[in-house]
Amino acid sequence: MLLQSGVDPVHSRKILVTGGAGYIGSHTVRLLLKQGHDVVVVDNLSKGYRHNVPEGRLRELDLTDTAALASLMGEHGTEAVIHFAAFIAVGESMREPERYFANNVSGSLSLLTAMLQAGVKHIVFSSTAAVYGNPASSPIAETFPIQPVNPYGESKVMVETMLRWFDQIHGVTSVCLRYFNASGADPDGGLGEEHEPETHLIPLLLRAVMTGKPVTVFGADYDTPDGTCIRDYIHVNDLAQAHILAVEHLSGGGASDQFNVGTGTGHTVMEMIHAVETVTGKKVPYTVGPRREGDPPGLVAASDKLRSRLGWSPEFADLRTIVQHAWNFAIARKA
Ligand code: UFG
């Protein structure tokens, strides 16, 4: 039997999403609902926005409240957790590591403890390419050495480590998704990137176009074709889809694993500027400044593991589509 949405009810799952009011979380929640899943969102709204979560889905809770999380999982009948809630600013983590270890590591431990209490056996975890630090070569495979160079990346490594032990000892299976540069916005509109303060390249380039105030290119003297850093920009909806495939993998009895989530293609900062100029039809005002501390010259994912094991393939790999969706959101937000 198929539901009206075309979703087979046998495969409709009860999924608890932490950080579902944030950028990647909210896109994943929308996709999960579209695909017929029963979603409850946990978010303390310290970074996320109420307006990102559909009516009736949000529980305003802090991850440290283990008892409340466990009872929510019990009431909801949660089958799997997707865990986004975390601080994400690399620079801030270099100034206030204690906040990163408290929020990202202790918060995750509390969540895992709640899962044990409620008998929830599967979790998909938001990890990051920052676990690889400054890799010796590119593209980066999952087997590369784990050597984070900032407390943000380290906090994610610590959670990956906890997850390994929770599998071995408690039989909780997990997929760690190591994101490259999440970007773009839902083509259907209404959702997009709204960090405060904004530090990410694409929204800053779009803001520069809108305000006329120049953006700073952090270094043009790298050993890359045009001297600027190379990153692997992955559309947020393709990232969201990787989470859903990971839930299916675990729910079907699949083993714990780690996957890069990137397209496998890198673009320099200058290429991004040109893409923004093509999409908006306007010049991007910019100046070239010094390198930003901690920026690796190139970060590009080897994405074949995700493709071959989970059957993932990006729907929006074209850079101009990514920028177009981000631009649509920026215009709508301003209106
Ligand atoms: N950049 C500029 N000017 C700016 C902002 C960024 O030139 O004003 C450059 C950066 O130097 C970098 C590229 O644009 O080369 C992308 O920078 P972002 O800040 O958008 O993203 P990062 O690659 O620094 O960080 C992203 C995630 C992190 C994650 C990291 C993993 O945002 O959470 O990838 O490598 F840790």
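Structure: above.
Residues numbered from 1 in each chain as written. Predicted model: local features only at pLDDT ≥ 70, side-chain atom pairs only at ≥ 80, totals over all residues. Heavy atoms only, no water.

Draft legend 1. The sheet that holds strand 5 (residues 122–128), seen in detail. With parallel pairing, seven strands are arranged side by side in an open sheet as 3-2-1-4-5-6-11. On the outer flanks of this sheet lie strand 3 (58–59) and strand 11 (257–261), each paired with one strand and no other. Helix 2 (residues 66–76) rests against strand 1 (14–18), strand 2 (38–42), strand 3 and strand 4 (80–83) of the sheet, and its axis sits at about 165° to strand 2. Taken strand by strand, helix 7 (residues 236–251) contacts strand 1, strand 4, strand 5, strand 6 (173–179) and strand 11, and its axis lies near 160° from that of strand 6. (Pairing = 2+ DSSP bridges. Helix = DSSP H or I, 4+ residues; strand = E, 2+ residues; numbered from the N terminus. Contact = heavy atoms within 4.5 Å. Axes fitted to C-alpha atoms, helices over the stretch in contact; angles between N-to-C directions.)

Draft legend 2. Highlighting the sheet that holds strand 12 (residues 267–268). Spatially, the three strands line up as an open sheet ordered 12-9-14, and their pairing is mixed. The open sheet has two edge strands, strand 12 and strand 14 (298–299), and neither has a second partner.

Draft legend 3. Inspection of the environment of M270 at higher detail. Assignment of secondary structure puts M270 in helix 8 (residues 269–280). Taking the C-alpha atoms as reference points, M270 and S308, separated by 38 residues in sequence, lie 32 Å from one another. Look past the residues within four positions of M270 in its chain and what remains in contact with it is D226, T228 and Y286.

Draft legend 4. Here's a closer look at the nonpolar core. Formed by 34 residues in total, the largest nonpolar core has its most connected members in V17, I24, I82, L177, V261 and L306. Broken down by secondary-structure element, the contributors of at least two residues to this core are strand 1, helix 1 (23–34), strand 2, strand 4, strand 6, helix 7, strand 11 and helix 9 (304–310). Tallying contributions element by element places helix 7 first for this core, with eight residues. Filtering out sequence-adjacent residues up to four positions away, L177 remains in contact with V124, F125, S126, S127, T128, A242, H243, F259, V261 and L306. (Core = buried A, V, L, I, M, F, W, Y, C linked by side-chain atoms within 4.5 Å. Buried < 20%, exposed > 50% of the residue type's maximum accessible area, 1.4 Å probe, protein only.)

Draft legend 5. Just the site of the ligand, in detail. Taken together, 22 residues lie around the ligand, and H200, T216, R231, R292 and D295 are the ones closest in. Take H200: an N or O atom from its side chain is 2.6 Å from an oxygen atom of the ligand. Taking F218, its main chain carries an N or O atom lying 2.9 Å from an oxygen atom of the ligand. In the complex, the protein chains occlude 90% of the 690 Å² of accessible area that the ligand would expose alone. At four residues, the largest contribution of residues to the shell around the ligand is made by strand 8 (residues 215–218). Of the residues belonging to the shell around the ligand, the class tally is 14 nonpolar, five polar and three charged. (Near = heavy atom within 4 Å. Polar contact = N/O pair within 3.5 Å; in protein donor to acceptor, adjacent residues only side chain to side chain. Areas by Shrake-Rupley, 256 points an atom, 1.4 Å probe, with all protein chains shown as cover. Nonpolar A, V, L, I, M, F, W, Y, C, P; charged D, E, K, R; others polar.)

Draft legend 6. Region of the structure containing the pairing of strand 5. The element strand 5 is largely enclosed, with a buried count of seven among its seven residues. Here strand 5 shows a buried face lined by H122, V124, S126 and T128 and a second buried face lined by I123, F125 and S127. As defined by bridge partners, strand 4 adjoins strand 5 across three bridges and the pair is classed as parallel. Bridge pairing links V81 to I123 in strand 5. Sheet topology places strand 5 next to strand 6; seven bridges connect them, and they run parallel. When the bridges of strand 6 are listed, H122 appears paired with T173. Crossover connection from strand 5 via helix 5 (residues 151–170) to parallel strand 6: handedness right-handed. (Right-handed = clockwise from strand over helix to strand, strands pointing away.)

Draft legend 7. Fine view of the pattern of salt bridges. All told, the structure shown has 17 salt bridges when counted by the stated rule. A salt bridge links R99 to E92, with the shortest nitrogen-to-oxygen separation between them at 3.3 Å. By relative accessible area, which is 29% here, R99 ends up partly exposed. Overall, the relative accessible area of 18% leaves E92 in the buried class. (Salt bridge = Lys/Arg side-chain N within 4 Å of Asp/Glu carboxyl O.)

Draft legend 8. Focus on the packing of aromatic side chains. According to the stated counting rule, one finds two aromatic pairs in the structure shown. Each ring, one from Y100 and one from Y152, has its centre 6.5 Å from the other, and the planes form 90°; the classification is edge-to-face. Taken as a pair, Y100 in helix 4 (residues 97–118) and Y152 in helix 5 lie far apart in primary sequence, 52 residues in all. Take Y100 and Y152: they sit in the same class, and that class is buried. For R291, the ring lying beneath its charged end belongs to Y222, and the centroid distance is 4.0 Å. (Phe/Tyr/Trp six-rings, centres within 6.5 Å; stacked < 30°, edge-to-face > 60°. Lys NZ or Arg CZ within 6 Å of the ring centre and 35° of its normal.)

Draft legend 9. Focus on helix 1. For helix 1, built from 12 residues, the straight-helix expectation of 16 Å at 1.5 Å per residue is met to within 8% by its first-to-last C-alpha distance of 17 Å. Where burial is concerned, most of helix 1 is hidden: nine out of the 12 residues are buried. Looking at helix 1, one finds that the buried residues are Y23, I24, G25, S26, H27, T28, V29, L31 and L32. Looking at the buried residues of helix 1, the elements they touch are strand 1, strand 2, strand 4, strand 6, strand 7 (181–183) and helix 7. Downstream of helix 1 by a residue or two, G36 has a phi angle that is positive, lying close to 90°. (Expected span 1.5 Å × (residues − 1).)

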